[in-house]
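# Observations on the three-dimensional arrangement
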Amino acid sequence: FNIPFKSHSSHPPFMIEKDNALVITLSNAYNEVTGENTTPASLGGSTFARAFNKGCAFGPEFEGYEYRIHDANENLPLNHLERMYQIYKKAIFDILTK
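Described in the following lines is the structure provided in the data block. (Residues numbered from 1 in each chain as written. Predicted model: local features only at pLDDT ≥ 70, side-chain atom pairs only at ≥ 80, totals over all residues. Heavy atoms only, no water.)

### Topic: helix 1 (residues 21-34)
Where we set the bar: In this text, helices come from DSSP runs of H or I with a minimum length of four residues, and strands from runs of E with a minimum of two, each type numbered from the N-terminal end. Expected helix span is given by 1.5 Å per residue-to-residue step, counting one fewer step than there are residues. The rule is simple: take the accessible area with a 1.4 Å probe, protein chains only, and divide by the maximum for that residue type; under 20% is buried, over 50% is exposed, in between is partly exposed. Contacts: residue pairs with any heavy atoms within 4.5 Å of one another. Under this definition, polar contacts are N or O atom pairs within 3.5 Å; protein pairs additionally need one hydrogen-donor-capable and one acceptor-capable atom, and for neighbouring residues in sequence, both atoms have to be side-chain atoms.
Taking 1.5 Å per residue as the helical rise, helix 1 with its 14 residues ought to reach 20 Å, and the 20 Å between its terminal C-alpha atoms agrees with that figure. Of all the positions in helix 1, only Val23, Thr25, Leu26, Ser27, Ala29, Tyr30, Asn31 and Thr34 are classed as buried. Where helix 1 is buried, its residues touch helix 2 (78-96). At the N-terminal boundary of helix 1, the capping side chain belongs to Asn20, with an oxygen 2.7 Å from the backbone nitrogen of Leu22.

Structure (structure tokens):
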């Protein structure tokens, strides 16, 4: 289709390097709670984290589950939410005590 459009807003690019202290703290919290040794993955897209001077989009996911984030019937198993809570709690504690 050849449909004309006007963009009324745009978002500047938003990226944080993997060696950023906040990214390292979040990754360490994830790995400590899960017992894994993973590195963060950048998925692109837009994030409200860009509204902060120091921010980072962070949404832990676990293998073996087909996530439907922002799709119809978005849902998570309760044990995933509990595990995410533990990761966020650890990350916030570590950020506040550094």
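### Observations regarding the environment of Leu76
Of note, Leu76 is situated in the loop between helix 1 and helix 2. The partly exposed category is assigned to Leu76, whose relative accessible area is 25%. Separated by 15 residues in the primary sequence, Leu76 and Glu61 have C-alpha atoms spaced 10.0 Å apart. Once you skip the residues sitting within four places of it in the chain, Leu76 turns out to touch Tyr65, Tyr67, Leu81 and Met84.

The analysis is restricted to geometry; functional conclusions fall outside its scope.
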